[in-house]
Each structure stands twice: as structure tokens, then as C-alpha cells.
Amino acid sequence: MFAGLKQTAVWRLVRGAKRAVLAPRHDTSLVVDDCRATLTAVDPPIALEAGRSHHWRIRFENLGGTAWASAGSHPVQVVARWLTYTGQPFGNEHAVPLPSPVFPGEPKTFDIAIPTPAFVGDFTLVLDLAQSLGGPHFSTCVPQSQPLRVAVPVQGRRATDIDYHEVYRNANLAQNHWWVVGAYQTKEQYEKSSRERLGMLVANGLTPDSRVLDIGCGTGQMADALQNYLSDRGTYYGTDIGEEAIAFCHETFRRRDFVFRRGEMTRVPFGPEDGAFDLAIFFSVFTHTFIDESALLLAEAKRLLAPTGQILADVIVSPLVERGAGNRGEMIVNREHFLRTADMLGLSAVVVGVWPWNPQAERLMFRFRRKE
Ligand SMILES: C[S@@+](CC[C@H](N)C(=O)[O-])C[C@H]1O[C@@H](n2cnc3c(N)ncnc32)[C@H](O)[C@@H]1O
């Protein structure tokens, strides 16, 4: 034990002497050989929330012969930048001085706060070191000092996530059935949107004799619009995962040829006995389902479609997203990926409406038909 203590004391002396020799020179530029570094992410995040700072735990190893200063006129900076999934730079570089010096042969782990992109997407964080802001990166000076790269999906804010079962459980549909299904402040706004949507359906082939399938019918915005529009030959079938929503629609819309049935996340609860539909609609549904769920729901709609039938569906698209990203509060998809999926399902698509969404995304209304 005595020998062990002596060893520790000796080691401290050696380390002290080494630090005295290698003490960081706050006012001196490092030479190329001092820029040999290894950066490692400790417990990197699986996903991040858009627009928030995240404390990244990074292990820094100084493989050179001089200590890296953390203050003075030449502090070593951690330089962070983001790339899109296609490798394009996104936003500005962000530099943070090392919290304390890093000595050769004494790796240190620091928590470094780095702002996350404000938009949903599939990003890669690239971390490097530099001795001055805008100065050459260590990886540029020494090829061995590879920058650290971590691919991480950036998701929507947790506060905007939605669980529709919970939403309906807590809602008072008798009082404000329009509020739960969209950002409608008043019943008048909801009814105006309902009229506009009816106009869009008519522009896309709806006739009074159409057989309509409304997937994710909510509290019946389109049932309301269609109950006075469809003739006796037309029918309306609505389905939703919310049992309270379906109960509300049963109570509210009493036409005998209006059918409501609760569905499951990727299953539409109708079959060949229910006939084939001329028009299947998904309004504000794929904005709340994960991309693979949307694909399965599209396949379900196609299964129930008449040979000349059409599907209308709106999605939010962004070039920052590789396939699909976000949460049930706001799901965002890659347009080409979504179209490839539709193509694989045997559907051809055209865009019949475009609305701005945010500086990186837009909302599109697609019309699908069976491919010839
Ligand atoms: C934003 S609301 C839109 C409701 C309605 N389409 C409208 O525009 O008023 C989304 C609706 O989709 C329903 N929904 C979400 N995922 C679904 C799924 N996988 N299958 C059927 N309905 C779904 C929700 O319960 C909710 O009622």
C-alpha cells in the first residue's frame, strides 16, 4: 500500500512537471504537429428536438506535444456545423472555446452546448477544432485529425406531439368538436374550411352520386359538408382511430347511407361487401402518421378504390427530410420518397394544391389514381 502511495505521489510529481513544461501558451499559435486530435461522442443522442440546444458529451484527446489553451488570445475552439442528409452545409458554424486546457496524453470529456437546427430533418453534426474563429480546422492541417461526424434525426418539439386517443378522451366534443381536429379557433373557421374542401373535391371529380371514403374523418368535417351535397345514389363512409370521434359522428350524422366505423392505425375497417369507392380522402391525416403507416393506409385506400377511383391526400414535404421525420404533432416527408412509395403501390400522383408551411417545407395536396 505504501509503495502504491509513493507511486501515486511520484506520478503526481511527474504529471506536475510535465504540465509545467507543456503549460498551454495562451498567446501562441499551435504548430501543425500540435493539431493532432481525436474527438469521440459519448452517448450520442438518438434524436434531437428542433430549435433547442443540446449538451453533447465529447471526449477530446490531444495527440500532439503541446497543451491546448482554453483562454487567452489563442484558445482552442470546438467548431460545430450541420450538414443536411445530402451533405449540404446548413446554417452557420458555431464555435465554443474548450472549457479547460487539454494536455497531451490526458483525454478530457466536456459537455458542449450546440444549437440544433430549427427545422425537422435528417442532419449530420460535424465537430472539429480550430485555434481561432474562422482559422484552419485541425482536420485541414492534419489529415489524421478526422472531424467527428454524428448523423442524428431532428424531430419536432415534444410539446407539439399528439396522441389522438388522449386528445379525444380529454375533449368535450359536444362543446367544441371543431377544435380537436385542427387549428380552428371558431366553428365558423371550421365550416369555412369545410366548404373550401368541398370545392376542392368537386374540382377533382366529386359528383352528387359519388361514393366517398373519408379516412381519419375526425368529428365529421366532410360528413357535414357532404350530407347536403350527396344524392341518394351517393354514399359516405367515415373511419377514424378515435372511438369518441366515431361515436360523435354516429350521433350527429343520421343519413342512413352515412356509415361510420372505428379503424386501426394501418387498417381501414371496410371490405368488398361495402362496395368500391370513387373517392378516398385523407385530410390532415398523413401530417400525423409515420411514413410507413401512411404507405400502409394508402394501400388500404387503393384496396377499396373503384377502378376509376381517386385518392386525395395532403402531406407536408421538406428537402431536409430523407424519408419521413417529425412526430404525430407534425409529420414531414420527403416528396420523392413519398412518390416512390405511391409508385410501388401502383398509384400515379399529381399535385393539385400547394400551401406554404415554413421556410423549409410546404404542404401539398396529391391526387392518386391507379396506374394504367
Ligand atoms: C387533424 S385531424 C383531421 C380530421 C379530419 N380529416 C378533418 O380534416 O377535419 C386527424 C384525424 O386523423 C385521425 N387519425 C390519425 N391517425 C389515423 C389512422 N392511422 N387511421 C385513421 N385515422 C387516423 C385522428 O384521430 C384525427 O381524427
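Above: the structure in question.
About the criteria used
- Residues numbered from 1 in each chain as written.
- Predicted model: local features only at pLDDT ≥ 70, side-chain atom pairs only at ≥ 80, totals over all residues.
- Heavy atoms only, no water.
- Near = heavy atom within 4 Å.
- Polar contact = N/O pair within 3.5 Å; in protein donor to acceptor, adjacent residues only side chain to side chain.
- Areas by Shrake-Rupley, 256 points an atom, 1.4 Å probe, with all protein chains shown as cover.
- 1 Å grid on protein atoms, 1.4 Å probe; cavity = no way out; pocket = protein on both sides within 12 Å on 5 of 7 lines; lining within 4 Å.
- Sits in = over half its atoms within 2 Å of the grid points.
- Pairing = 2+ DSSP bridges.
- Helix = DSSP H or I, 4+ residues; strand = E, 2+ residues; numbered from the N terminus.
- Core = buried A, V, L, I, M, F, W, Y, C linked by side-chain atoms within 4.5 Å.
- Buried < 20%, exposed > 50% of the residue type's maximum accessible area, 1.4 Å probe, protein only.
- Axes fitted to C-alpha atoms, helices over the stretch in contact; angles between N-to-C directions.
- Left-handed = near helix turned anticlockwise from the far one by under 90°.
- Contact = heavy atoms within 4.5 Å.
- Nonpolar A, V, L, I, M, F, W, Y, C, P; charged D, E, K, R; others polar.

A. How the structure looks around the site of the ligand. Residues in close proximity to the ligand total 18 residues, the closest being Tyr168, Arg197, Gly216, Asp240 and Met265. Tyr168 places a polar side-chain atom, nitrogen or oxygen, 2.6 Å from an oxygen atom of the ligand. For the ligand, whose unbound accessible area comes to 590 Å², protein coverage reaches 98%. A majority-of-atoms criterion places the ligand in the second largest pocket.

B. Structural view of the sheet that holds strand E5 (residues 89-97). In space, the five strands of this open sheet follow the order E2-E8-E7-E4-E5, with mixed pairing throughout. For this open sheet the edge positions go to strand E2 (48-49) and E5, each flanked by a neighbour on one side alone.

C. Here's a closer look at the nonpolar core. If you look at the biggest cluster of nonpolar residues, it comprises 33 residues, and the most contacted ones within it are Phe60, Trp68 and Leu129. Within the second largest apolar cluster, 28 residues are counted, among which are Val259, Leu298, Ala301 and Ala313.

D. The packing of helix H8 (residues 291-303) against helix H9 (residues 335-344), seen in detail. Between H8 and H9, whose axes approach to 10 Å, the crossing angle comes to 30°. Classified by chirality, the crossing of H9 by H8 is right-handed. Of the residues in H9, those touching H8 at Ile291, Ala295 and Leu298 are His337, Phe338, Thr341 and Ala342. When grouped by side-chain class, the residues that make up the contact of H8 with H9 number five nonpolar, two polar and no charged.

Worth remembering: the numbers are spatial, not functional.
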